[in-house]
Amino acid sequence: LRAVAWMAQGAVLAAEARRMREQAPGTCASGNSTSDAQRNPIAAAAQQQRQRAAAAAIAARDLQAWMLDLGEAVRAVVAGPFQRERRLAGWETLRKGVRVRVVDGLDELRRLCDRPAPGADESVSWNDDMAAWAGSVCTVVRTGDAAHKNYILRREGEQGERTFSFPYDAVLLMADH
């Protein structure tokens, strides 16, 4: 029922935006008295135009936000059964060997590493060598500490002891978990 109400809200927003766009000049109530409009019709018309433009901009922003939400909801419904990974809702203990994937957007990964994760006291700090790990499938070596809310990861199939620390919100849990 909430989904139906949410979709109806989008239809109302679209209708409101359409109505404001199509509204003829001079039909928007400006709050001016008739005598004010008669004394200065140019100023009254300009005021009405500004009010229509402001109302249309607000309606357009609301509609755009709703459409973005709709797109995300459709993606989740359509792709949900096929998704092989999910973002962690919060920092949790993951056992050694759990498969994860590091987020693939380099700018996003850098941003997530350079600031404390939600609820953490400190960031894990960005290292330029981390760039090569963007989008990589990794295994958890160990769960990090509460101050960083992080995981120490090793790239799958990579020889050696190289590991990096990533905040929990930069890690996607693989479905085979």
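Q: Would you mind going over the sheet that holds strand 5 (residues 164-167) with me for this structure?
A: Think of a sheet as strands paired side by side through backbone hydrogen bonds, with each pair either parallel or antiparallel. Spatially, 1-6-2-3-4-5 is the arrangement adopted by the six strands of the open sheet, whose pairing is antiparallel. The sheet is open, and its two borders are formed by strand 1 (85-87) and strand 5, each paired with just one other strand. The sheet shows a mean angle of 45 degrees between the axes of neighbouring strands, direction not considered. Examined bridge by bridge, strand 1 and strand 6 (residues 171-174) share three bridges and lie antiparallel to one another. By the bridge assignment for strand 6, Arg-86 is matched with Leu-173.

Q: Help me out: how do you make sense of the nonpolar core in this one?
A: Generally speaking, nonpolar side chains in soluble globular proteins are found buried as a group. Counting 26 residues, the largest nonpolar core has Val-100, Leu-109, Leu-153 and Phe-166 as its most contacted members. Mapped onto this core, the elements with two or more residues apiece are strand 2 (99-102), helix 4 (106-114), strand 3 (137-143), strand 4 (150-155), strand 5 and strand 6. Val-100 has contacts with Leu-94, Ser-136, Val-137, Cys-138, Val-140, Leu-153, Val-171, Leu-172, Leu-173 and Met-174, leaving out every residue within four places of it along the chain.

Q: Where do I start with the packing of aromatic side chains in this structure?
A: Where two aromatic rings form a pair, the distance of their centres and the angle of their planes describe that pair. Applying the stated criterion across every chain yields a total of three aromatic pairs. Each ring, one from Phe-164 and one from Phe-166, has its centre 6.4 Å from the other, and the planes form 65 degrees; the classification is edge-to-face. Taking the relative accessible area as the measure of exposure, Phe-164 reaches 8% and is therefore buried. The class for Phe-166 is buried, based on a relative accessible area of 0%. Put simply, the rings of Trp-133, Phe-164 and Phe-166 touch in pairs and so form one group of aromatic residues.

Q: Would you mind showing me how to read the pairing of strand 2 here?
A: For a regular strand, side-chain orientation follows a simple rule: the groups alternate between the two sheet faces. Where strand 2 lies against strand 3, three bridges are found, and the strand directions are antiparallel. Bridge pairing links Arg-99 to Thr-139 in strand 3. Pairing geometry for strand 2 and strand 6, over three bridges, is antiparallel. Looking at the pairing, Arg-101 lines up with Leu-172 of strand 6.

Conventions we followed
Residues numbered from 1 in each chain as written. Predicted model: local features only at pLDDT ≥ 70, side-chain atom pairs only at ≥ 80, totals over all residues. Heavy atoms only, no water. Pairing = 2+ DSSP bridges. Helix = DSSP H or I, 4+ residues; strand = E, 2+ residues; numbered from the N terminus. Axes fitted to C-alpha atoms, helices over the stretch in contact; angles between N-to-C directions. Core = buried A, V, L, I, M, F, W, Y, C linked by side-chain atoms within 4.5 Å. Buried < 20%, exposed > 50% of the residue type's maximum accessible area, 1.4 Å probe, protein only. Contact = heavy atoms within 4.5 Å. Phe/Tyr/Trp six-rings, centres within 6.5 Å; stacked < 30°, edge-to-face > 60°.

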